[in-house]
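Fold and contact review
Each chain, written out:
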Amino acid sequence: MTETINLSAKIEEKLPAELVDFMRQAGEAATARGQKLYLVGGVVRDLLLGRANLDLDLVLEGDAISLAEQLAGTGGRRLKTHPRFGTAKVQWQRWSVDLTTARSETYDKPGALPKVKPGSLADDLFRRDFTINAMAVELAPGSYGHLIDPYRGLDDLGSKLVRILHPVSFIDDSTRIWRGLRYEQRLDFHLEADTLRLLKRDVPMLDTISGDRLRHELEMVLREERPEKVLRRAGELGVLSQLYPGLTGDDWLAEKYADARTAGSSSVEVYLALLAYRLTGEETEGLISRLRLPNPLARTLRETVSLKARLPLLADAKIAPSRIYRLLEGNSLPAITASLLAADSAVARQHIRLYLDRLRYVRPTLTGRDLQQMGIAPGPRMKEILERLHEARLDGKVTSKKGEEEMVRGWIF
Ligand code: CTP
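Residues numbered from 1 in each chain as written. Predicted model: local features only at pLDDT ≥ 70, side-chain atom pairs only at ≥ 80, totals over all residues. Heavy atoms only, no water.

Turning our eyes to something else, we now look at the overall build of the chain. Within the chain, the regular secondary structure consists of 22 helices and eleven strands. Computed over its C-alpha atoms, the radius of gyration of the chain comes to 28 Å, more than 25% above the 22 Å expected for a compact globule of 413 residues. Counting only C-alpha atoms, the chain reaches 95 × 50 × 35 Å along its principal axes. Per-residue burial for the chain yields a buried fraction of 49% across its 413 residues. Entry remark: accessible area of the chain is about 19,900 Å², with carbon and sulfur atoms responsible for 50%. Charged side chains in the chain number 62 positive and 58 negative. The centres of these two groups are separated by 5 Å. (Helix = DSSP H or I, 4+ residues; strand = E, 2+ residues; numbered from the N terminus. Rg over C-alpha atoms; globule rule 2.2 N^0.38 Å. Buried < 20%, exposed > 50% of the residue type's maximum accessible area, 1.4 Å probe, protein only. Areas by Shrake-Rupley, 256 points an atom, 1.4 Å probe, with all protein chains shown as cover. Lys, Arg positive; Asp, Glu negative; His and termini not counted. Charge placed at Lys NZ, Arg CZ, Asp CG, Glu CD.)

This next bit is on the pattern of salt bridges. Counted under the stated rule, the structure contains 38 salt bridges. The salt bridge partner of R127 is E105, with a shortest N-O separation of 3.3 Å. Taken as a pair, R127 in the loop between α5 (121-126) and β8 (136-138) and E105 in strand β6 (residues 103-106) lie far apart in primary sequence, 22 residues in all. The exposure classification of R127 matches that of E105, with both residues buried. Salt-bridge contacts for D251 lead to R232; the nearest nitrogen and oxygen are separated by 2.9 Å. (Salt bridge = Lys/Arg side-chain N within 4 Å of Asp/Glu carboxyl O.)

Spatial ordering of the open sheet is given by β3-β4-β5-β2-β1-β8-β9, a layout of seven strands whose pairing is mixed. Here the strands that pair on one side only, and so sit at the sheet edges, are β3 (78-82) and β9 (147-148). Bridge analysis of β8 against β9 gives two bridges, and the strand direction is antiparallel. Each residue of the ladder has a partner; that of A136, found in β9, is I148. Sheet strands touched by helix α2 (residues 17-32): β1 (36-40), β2 (56-61), β4 (87-92) and β5 (95-101). Its angle to β2, the strand with the most contacts, is close to 5°. (Pairing = 2+ DSSP bridges. Contact = heavy atoms within 4.5 Å. Axes fitted to C-alpha atoms, helices over the stretch in contact; angles between N-to-C directions.)

So far we have only geometry, and geometry alone does not tell us how the molecule works.
Here it is in structure tokens:
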């Protein structure tokens, strides 16, 4: 006989009172409708692991939108609904809870989004990715806190295993390959032996996934606390080169990511630029179209490529600050930061740092208006004078407003 596990004490301990109150209220409201409501997915896993997670996913055997409408009616809560998917989001203050109608999913062909229809909790848990994510907690008042664990997720949590529910799981949805690596590395678990075997077998199925979905998965990886661990594992298993040939999750990358965090400059943009850093310009374009990168990210990658070509110039110890400025200006901060982190030359790094710390803020004191008062008409000549002043400021040839005025007089008379 399996023993009943109750998580109500853990819920009280780990979740803020506002969310606990909401869940109790939601459980009562569902029961009053003769329906069953459950807490599911990642938050159940994290409650059992004692990890923080405030992303509540509630599943209702019934119409989730109608229940959400009722719950949003009280306490100044906002409601967003997606009738097509039977999902709703209730938000108030800094809290947000997802409510979903329990559903079953079928996959017509690999890589396509599933066909969805209302179902039971059992269906809803069966459609999930891994046993550790396929547990639920009852929220009805009479059985509040009971753990429902049809696939022995709790045992797998104890053995630190990431295990799929059935052998075609990665074929149905190959994004689970990336998800599996994320959980394995985040939690310091292992892919269970059969899961690992099937994952390796199904890596080519990632070809069936759209660029948008792949980009989303990669972004989720780059939002992990230590993305380099996931990328290293993805490299070992051929998942990274499947994403784009030439990408590597090696020591160099791990070192650069750690440096980015130490410098307080880790972000998805910087991490992605470092991941792509060793690709050629042409390969970078390939990656941009493979992942259908939106403009800001594509721009960061393109700028990183062009900055890489300028590094030998920046590595010249005798280069003037105004030249450093010209080489770097107009590029986005993530691209410059990635170049700083990736540059081999200490001199180049020093110059990029000088730009970031000081040069990018330098401006001449005199403005166009001041120049007009000195008798210079607006136009190309004024523009040139302002540029020369900027350059003189950057190179420390002038350090005061008075000095600037003298300099301008020297030029115009
Ligand atoms: N899920 C799934 N297959 C997917 C995506 C999601 O089975 N391809 C299920 C899992 O049960 C997962 C839940 O939906 O736990 C919620 O998805 P998501 O928020 O992506 O996962 P979390 O487990 O909450 O992950 P994280 O801790 O990274 O937020």
